[in-house]
Amino acid sequence: MTITLRDVTLRQGTFLLDRASLDVAAGAYGVVLGAAGSGKTTLLETVAGIRAPDGGTVHLGGADVTTVAPERRGVAMVYQQSLLFPHLDVSRNVAYGAKSSAAVDDAVAWTGIERLLSRFVTTLSGGEQQLVALARALSSEPRVLLLDEPFAALDPPRRAAMRRMIRALQRERGITVLHVTHDVTEAALLADSLAVLDAGRVLQHGAATALFARPASARVAELLGAENVLAGSATMRDGMVELRTGALVIHALPPDGEALAGEVHAVIGADEITLSREPKESSARNAFTARVVAISGAGALVRVELDVSGTPLVAVVTAGAARELALATGSAVHAAFKATAVRIC
Amino acid sequence: MTDRSRQRVAAIIAAIAASLLLLFLAVPTIALVARGGAAGARGLFADAELRSAIALTVITATASTIIAVLLGTPLAWWLTRRTFRGRSIVDAILDLPLLIPHPVAGIALLLVLSRGSPLGAALLAVGVRIVSTPLGIIAAMLFVSAPLYVSAAREAIARVDPRYEGVARTLGDTEWRALRRVTLPLAGRGLLAGAVVSWARASSEFGAIVILAYQPRVASVLSYDRFTSYGLREALPVAAALLLVAIVPLVVLRALGARDRSRIAGERSARA
């Protein structure tokens, strides 16, 4: 069932959800990415019908449901805090909205909570609670599953397992999912379509790959986790963009092959910047001498903060590469990235 | 004086002040039980007038509480979950009965329910008499005790996360069904405590009842009647018997509170 929001506006005290629009195709996985307080939960509750918008429309499966009661929308919601009914045991929670016992059995089997059924919800761990909340939602056989930060309270292995479970559900059952999260990695892993929400406004929405490839603004790029967002003025030279930011001149390909000039932003992925001890002969159009300001990261990847003639840049290299380069705070390195790695927006 | 000895003096003064107040509150009731308790307990069996007065009190207070629960619970839900204009007027209407002297409440009720008023006359025309009947007693009790129930019920419902209702709605419940299946059970203990407080208030009411329905006599009116007619000696057993009746809601409330605390503690340890 498609989800379509058009100009949904909702005032709540001092918070304003401001003309929010987004689309999720039938059976697709939609993600709304936004920081805490950006209006994600409010947006989801508007789709669920728990909150009525002051303006705009909500369509599910092509039908206008803006004024339809939540119980007749065919949606189910899973909150971050699971919100299991504390006066009911697990089996009664799961069966709460079920239309048949077969649906309950199916939901229990999917989520693997057979051994929890006779437990009281207050005795469950956070991960178990989320599984039960998911089973409760599934047993009502929703056509749209709304997820409000459902993995936030889980430890990383459980999070990955539950992510796979919901992804499989969506693919095999054709359930349309709308998932709100503040976690860029989660959004990148799950989203077919993506909307970026910031302070009550949808800054950009569309196919997830398109958003990551072409953020519409510097703010979107920042929210999508790009480490290097540089403001500067652009001019065209030999069919390429020359962007001046501080003392730096960065070369980039013009977006959509069109000439541009004036104030723009350049976004460079931290993983696109290569580091070396000596200047390298390579095809990279952008090569600079940089000073290492800080090194952090204990895992497989190391985050290196650089100072390039006064402009801060962040590079991410493998731990092996960092050892090989003998990176140390204050040392000089050569940083390079291709013109094609620079996204202009 | 050192800081420590100054603290000690402050603690002693506070302890004396607290003891004085507690003694003031406890001694009269203890004296009443000591002096009249045995006679009161005997009176519950032997004194037919006292027995029927207490029975009448229990029945009318229960009826008043049932009405308060049936009408007050939807009102409490509405006041908790909805925002609307004129809310402060509703709040004032609910607060007023708790602030005015109870005989004044009785006079006000008499004004609208007596045969001289349009409402009283209309009720009388269909055979319903309020003044000096058990219905009058219930009306007086309801007037002074219903606001207490609504206030407790509001608090109990406000403690239930409204998102539970939202979840129930998406699982197929109508608003009414979600209220019945989720909110009311979760607020149940608080609602019950509110009903007990309301019952205790109703059963101990005197001022409004004595104006609206001196007869038939409820227990509080009977104790006053015995006192003014025969003096302290005769009033004592009745007063002591009433005190014994009042202990019932006290015990129920303590039990509800204790279970609530143990439940909260249980949830905490489960979370940890």
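Residues numbered from 1 in each chain as written. Chains lettered and ligands numbered in written order. Predicted model: local features only at pLDDT ≥ 70, side-chain atom pairs only at ≥ 80, totals over all residues. Heavy atoms only, no water.

Even after reading the chapter, I still don't get the overall build of chain A, so can you show me in this structure?
When helices and strands are counted, chain A shows nine helices and 20 strands. Seen along its three principal axes, the alpha-carbon backbone of chain A occupies a region of about 70 × 45 × 35 Å. In chain A, 67% of the contacts between residues at least 6 apart in sequence involve partners at least 24 apart. For chain A, the exposed surface amounts to about 15,000 Å²; the carbon and sulfur share of it is 51%. Chain A carries 33 positive and 35 negative side-chain charges, and their two centres are separated by 2 Å. (Helix = DSSP H or I, 4+ residues; strand = E, 2+ residues; numbered from the N terminus. Contact = heavy atoms within 4.5 Å. Areas by Shrake-Rupley, 256 points an atom, 1.4 Å probe, with all protein chains shown as cover. Lys, Arg positive; Asp, Glu negative; His and termini not counted. Charge placed at Lys NZ, Arg CZ, Asp CG, Glu CD.)

Sorry if this is basic, but what is going on with the overall build of chain B here?
The helix and strand tally for chain B stands at eleven helices and zero strands. Each of the three principal axes of chain B carries a C-alpha extent, and together these read 75 × 60 × 35 Å. Expressed as a percentage of the 272 residues in chain B, the buried residues total 36%. Taking as baseline every contact in chain B between residues at least 6 positions apart, the subset at least 24 positions apart corresponds to 74%. Total accessible area computed for chain B in this model is approximately 15,300 Å², and 68% of it derives from carbon and sulfur atoms. (Buried < 20%, exposed > 50% of the residue type's maximum accessible area, 1.4 Å probe, protein only.)

Honestly, the pattern of salt bridges in this entry has me stumped. Any pointers?
Oppositely charged side chains may form a pair once their charged atoms are brought near each other. Residue and element names in this part refer to chain A. Enumeration according to the criterion identifies 29 salt bridges over all chains in this entry. Two residues, Asp-192 and Arg-167, come together in a salt bridge whose shortest N-O distance is 3.3 Å. Of this pair, Asp-192 sits in the loop between α6 (184-190) and β9 (193-198) while Arg-167 sits in helix α5 (residues 156-173), and the two are 25 residues apart along the sequence. A salt bridge links Arg-244 to Glu-242, with the nearest nitrogen and oxygen atoms 3.2 Å apart. (Salt bridge = Lys/Arg side-chain N within 4 Å of Asp/Glu carboxyl O.)

Even after reading the chapter, I still don't get the sheet that holds strand β15 (residues 274-276) of chain A, so can you show me in this structure?
Two strands in a sheet stick together by hydrogen bonds in their backbones, pointing the same way (parallel) or opposite ways (antiparallel). All names here are of chain A. Taken in spatial order, the five strands line up as β15-β19-β16-β17-β18 in an open sheet, and their pairing is antiparallel. The open sheet terminates on both sides in strands that have one partner only, identified here as β15 and β18 (311-318). Neighbour-to-neighbour, the strand axes of this sheet turn through a mean angle of 45°, independent of strand direction. As paired elements, strand β16 (residues 286-296) and strand β19 (residues 332-337) share six bridges and run antiparallel to each other. Pairing of Arg-291 across the sheet is with Ala-332, part of β19. (Pairing = 2+ DSSP bridges. Axes fitted to C-alpha atoms, helices over the stretch in contact; angles between N-to-C directions.)

Which parts of the structure should I look at to understand the interface of chain A and chain B?
You'll often see interface size given as the accessible area lost when the parts meet. On the side of chain B, 19 residues touch chain A, which itself brings 23 residues to the contact. Interface area for chain A against chain B, summed over the two sides, is near 1,900 Å², with a carbon-plus-sulfur share of 65%. In this structure, A:Glu71 and B:Arg169 form a salt bridge, with 2.8 Å as the shortest nitrogen-oxygen distance. Counting across the chain A and chain B interface gives five residue pairs in polar contact (both at pLDDT 80 or more). At the level of elements, α1 (40-48), β6 (75-78) and α4 (126-139) of chain A are the ones that each hand at least two residues to the side of chain A that touches chain B. (Buried area = accessible area lost by both parts, 1.4 Å probe. Polar contact = N/O pair within 3.5 Å; in protein donor to acceptor, adjacent residues only side chain to side chain.)

Could you clarify how one ought to interpret the side chain of B:Glu205 in this entry?
Residue and element names in this part refer to chain B. Residue placement: Glu-205 occurs in the loop between α8 (175-203) and α9 (207-212). There is a polar contact of 2.8 Å between the side chain of Glu-205 and the side chain of Arg-201. When neighbours within four sequence positions are excluded, Glu-205 is seen to be in contact with His-102, Val-144 and Ser-220.

What am I meant to see in a nonpolar patch on the surface here?
Taken together, the side chains of B:Leu21, B:Leu22, B:Phe24 and B:Leu25 define a hydrophobic patch exposed on the protein surface, amounting to about 470 Å² of accessible area. By secondary structure assignment, the location of B:Leu22 is in helix α1 (residues 3-46). (Patch = residues over 30% accessible without salt bridge, like charges linked within 9 Å, V, L, I, M, F, W, Y side chains within 5 Å.)

Looking at this structure, how should I read the nonpolar core?
Soluble globular proteins tend to bury their nonpolar side chains together. In this structure, A:Phe85, A:Leu146 and A:Leu178 are the most contacted members of the largest nonpolar core, which totals 57 residues. In this structure A:Leu146 touches A:Leu44, A:Val47, A:Ala48, A:Val75, A:Ala76, A:Met77, A:Val78 and A:Leu178, once residues within four positions along its chain are discounted. (Core = buried A, V, L, I, M, F, W, Y, C linked by side-chain atoms within 4.5 Å.)

Quick question: what am I supposed to make of the packing of aromatic side chains here?
The geometry of an aromatic ring pair is captured by two quantities: the separation of the ring centres and the angle between the planes. Considering all chains together, one arrives at five aromatic pairs over all chains under this definition. Ring geometry for A:Phe85 versus B:Tyr164: centroids 6.1 Å apart, planes at 45°, classification tilted. Here A:Phe85 is found in the loop between β6 and α2 (90-95), whereas its partner B:Tyr164 is found in helix α7 (residues 162-170) on a different chain. Accessibility assignment for this pair places A:Phe85 and B:Tyr164 in one class, buried. Measuring from centroid to centroid gives 5.9 Å for A:Phe288 and A:Phe337, while their planes differ by 40°, and the two rings are tilted. In this pair, A:Phe288 is assigned in strand β16 and A:Phe337 in strand β19, connecting sequence segments 49 residues apart. Here a set of aromatic residues connected by ring pairs shows up, and it is made of A:Phe85, A:Tyr96 and B:Tyr164. When the ring centre of A:Tyr79 is taken as reference, the NZ or CZ atom of B:Arg163 above it lies at 5.2 Å. Directly above the ring of A:Tyr96 sits B:Arg181, whose terminal nitrogen or CZ lies 3.6 Å from the centroid. (Phe/Tyr/Trp six-rings, centres within 6.5 Å; stacked < 30°, edge-to-face > 60°. Lys NZ or Arg CZ within 6 Å of the ring centre and 35° of its normal.)

Help me out: how do you make sense of the confidence of the model for chain B in this one?
Caution applies to low-pLDDT parts of the model: their predicted coordinates are not meant to be read in detail. With 94% of its residues at a pLDDT of at least 70, chain B reaches an overall mean of 89. Here the predicted complex carries an ipTM of 0.75, next to a pTM of 0.76. (pLDDT = per-residue confidence, 0-100.)

Is there a simple way to explain the environment of B:Leu75 in this structure?
Residues and elements named next belong to chain B. Its place among the elements puts Leu-75 in helix α2 (residues 48-81). As a C-alpha pair, Leu-75 and Arg-154 span 79 residues in sequence and 8.5 Å in three-dimensional space. Discounting chain neighbours no more than four positions away, the residues touching Leu-75 are Leu-94 and Val-150.

I would appreciate a short explanation of the packing of α4(A) against α5(A) in the present structure.
Angle between the axes and distance between the axes are the two parameters that describe a pair of packed helices. Residue and element names in this part refer to chain A. Packing of α4 against α5 leaves a shortest axis separation of 11 Å and a crossing angle of 10°. In terms of axis orientation, α4 runs roughly parallel to α5. Between α4, through Gly-127, Glu-128, Gln-130, Leu-131, Leu-134 and Leu-138, and α5, the contact on the second element is made entirely by Arg-158, Met-162, Met-165, Ile-166 and Leu-169. In terms of residue class, the contact of α4 with α5 is built from seven nonpolar, two polar and two charged. (Parallel < 35°, antiparallel > 145°, perpendicular 65-115°, else oblique. Nonpolar A, V, L, I, M, F, W, Y, C, P; charged D, E, K, R; others polar.)

So what exactly am I meant to see when it comes to the sheet that holds strand β2 (residues 15-24) of chain A here?
Residue and element names in this part refer to chain A. Read from one edge to the other, the open sheet built from four strands follows the order β2-β1-β4-β5, with strand pairing classed as antiparallel. Single-partner strands in this sheet number two, and they are β2 and β5 (63-64). In terms of strand pairing, strand β4 (residues 55-60) meets β5 through two bridges, oriented antiparallel. Each residue of the ladder has a partner; that of His-59, found in β5, is Asp-64. Together, β1 (3-12), β2 and β4 form the strand contacts of α1, whose direction differs from that of β1 by roughly 120°.

How do you make sense of the pairing of β6(A) when you look at a structure like this?
All names here are of chain A. Side chains of β6 alternate between two faces, with Val-75 and Met-77 and Ala-76 and Val-78 buried alike. Examined bridge by bridge, β6 and strand β7 (residues 144-148) share four bridges and lie parallel to one another. Each residue of the ladder has a partner; that of Val-78, found in β7, is Leu-147.

Before we go on, may I ask you to explain the environment of B:Ala121 in this structure?
Residues and elements named next belong to chain B. Considering the arrangement of structural elements, one finds Ala-121 in helix α5 (residues 118-125). Sequence separation of Ala-121 and Gly-172 is 51 residues, and the distance between their C-alpha atoms is 48 Å. What Ala-121 contacts, discounting residues up to four positions off in sequence, is Ser-114 and Arg-115.

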